[in-house]
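The primary structure of each chain is shown beneath.
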Amino acid sequence: MLNYNEEKLDSEWVTLNAVKGLIKLATNGDKSQSSYKKALEFGHAICPDILGEESILSKSHKSDLTKEYMQRAKYKSIKEDKEITAISLILKDIEELKSLLDIAENTKDKSETDKLRGKLKHLYSSYKELDLEKNSENQLIFRDAYKANNHLPLLTEGKNNKTFQLSNSNLLTVRVLHPEKSEHITGADLLY
């Protein structure tokens, strides 16, 4: 008999693979567009109950640096008895590094700053990972539905839908049902 975590992981894995397959189909097999990372991001938007912030796969997918900042925020919140977010800690460190790099540039210091620049790059990546979670479900659905397929030729565009031409002479129509009555009837945010 499977325990709750195994059942949850199985459900997430099946959903993630379905989303990955959907993206692969929609992009005519473009492997760069149908990666597990992109499928997890898209799945986070279209089925947050399964692949949202609390999913086992989402938690395991975060970079070590992002996990570190999440842990720091958790325990710093306890220490200071107020809510502290990982993003606020990352932004503070980004500002600090940027000011140090500005000093190096203004003093025309020729010493190497590659480690500082590398750390800054990683902080920006972690910020982007966490910033995705800040967006509302509505923002993510519309962003993904209307901006994710910019590389495909657009044939028609309606109030809540777009139709794209795929390279194999097929069509892909993306219809946003969120937050209309049709979403409540079907239980789906998007239809392809």
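Read on for a plain summary of the structure. Just so it is clear, the structure is predicted and the values come from calculations on it, not from any experiment. (Residues numbered from 1 in each chain as written. Predicted model: local features only at pLDDT ≥ 70, side-chain atom pairs only at ≥ 80, totals over all residues. Heavy atoms only, no water.)

## So, the overall build of the protein
Next up, step 1: In terms of regular secondary structure, the protein is built from nine helices and four strands.
Next up, step 2: The N-to-C order of helical and strand elements in the protein reads α-α-α-α-α-α-α-α-β-β-β-α-β.
Next up, step 3: Taken across its 192 residues, the protein has 33% of its residues classed as buried. (Helix = DSSP H or I, 4+ residues; strand = E, 2+ residues; numbered from the N terminus. Buried < 20%, exposed > 50% of the residue type's maximum accessible area, 1.4 Å probe, protein only.)

## As for the packing of helix 5 (residues 64–80) against helix 6 (residues 86–106)
Next up, step 1: Contact pair helix 5 / helix 6: the axes reach a minimum separation of 8 Å and the direction vectors enclose 110°. In terms of axis orientation, helix 5 runs roughly perpendicular to helix 6. Like other packed secondary-structure pairs, helix 5 and helix 6 cross with a definite hand, here right-handed. Between helix 5 and helix 6, the residues in contact are Tyr69, Met70, Arg72, Ala73 and Lys76 and Ala86, Leu89, Ile90 and Asp93, respectively. (Axes fitted to C-alpha atoms, helices over the stretch in contact; angles between N-to-C directions. Parallel < 35°, antiparallel > 145°, perpendicular 65-115°, else oblique. Left-handed = near helix turned anticlockwise from the far one by under 90°. Contact = heavy atoms within 4.5 Å.)

## A look at the pairing of strand 3 (residues 171–176)
Next up, step 1: Here strand 3 shows one buried face, formed by Leu172, Val174 and Val176, and one open face, formed by Leu171, Thr173 and Arg175.
Next up, step 2: Inspection of the sheet shows strand 2 (residues 161–165) paired to strand 3 by five bridges, in the antiparallel sense. Counted as the bridge partner of threonine 163 is threonine 173 from strand 3.
Next up, step 3: Between strand 2 and strand 3, which pair antiparallel in sequence order, lie five residues; one of them, serine 169, sits at a positive phi of approximately 70°. (Pairing = 2+ DSSP bridges.)

## Details of unusual backbone geometry
Peptide bonds are trans in most cases, and residues, glycine excluded, mostly fall at negative phi.
Next up, step 1: Not every positive phi belongs to a glycine, and aspartate 81 is a case in point at roughly 55°.
Next up, step 2: The residue aspartate 81 is located in the loop between helix 5 and helix 6 in this model.

## A look at a nonpolar patch on the surface
Next up, step 1: Taken together, the side chains of Leu100, Ile103 and Leu116 present a nonpolar region at the surface, about 230 Å² in accessible area.
Next up, step 2: By the secondary structure assignment, leucine 100 is in helix 6. (Patch = residues over 30% accessible without salt bridge, like charges linked within 9 Å, V, L, I, M, F, W, Y side chains within 5 Å. Areas by Shrake-Rupley, 256 points an atom, 1.4 Å probe, with all protein chains shown as cover. Salt bridge = Lys/Arg side-chain N within 4 Å of Asp/Glu carboxyl O.)

## Notes on the pattern of salt bridges
Next up, step 1: The final tally for this structure, using the stated rule, is four salt bridges.
Next up, step 2: In this structure, the salt-bridge partner of arginine 72 is glutamate 68, at a minimum N-O distance of 3.9 Å. You can see arginine 72 and its partner glutamate 68 sitting in helix 5, four residues apart, about one turn around the helix.
Next up, step 3: What makes arginine 72 partly exposed here is its relative accessible area of 36%.
Next up, step 4: For glutamate 68, a relative accessible area of 37% puts it in the partly exposed group.
Next up, step 5: Arginine 72 is the salt-bridge partner of aspartate 93, the closest N and O atoms lying 3.6 Å from each other.

## Side note on the nonpolar core
Next up, step 1: In terms of nonpolar packing, the biggest core is built from 14 residues, with Tyr69, Ile90 and Leu123 touching the most fellow members.
Next up, step 2: Those elements that place two or more of their residues in this core are helix 5, helix 6 and helix 7 (114–134).
Next up, step 3: Sort the elements by how many residues they give to this core and helix 6 lands first, with seven residues.
Next up, step 4: The next biggest cluster of nonpolar side chains, apart from the first, holds ten residues, and it includes Phe42, Ile46, Leu51 and Leu57. (Core = buried A, V, L, I, M, F, W, Y, C linked by side-chain atoms within 4.5 Å.)

Interpretation note: all reported values are geometric properties and have no functional meaning in isolation.
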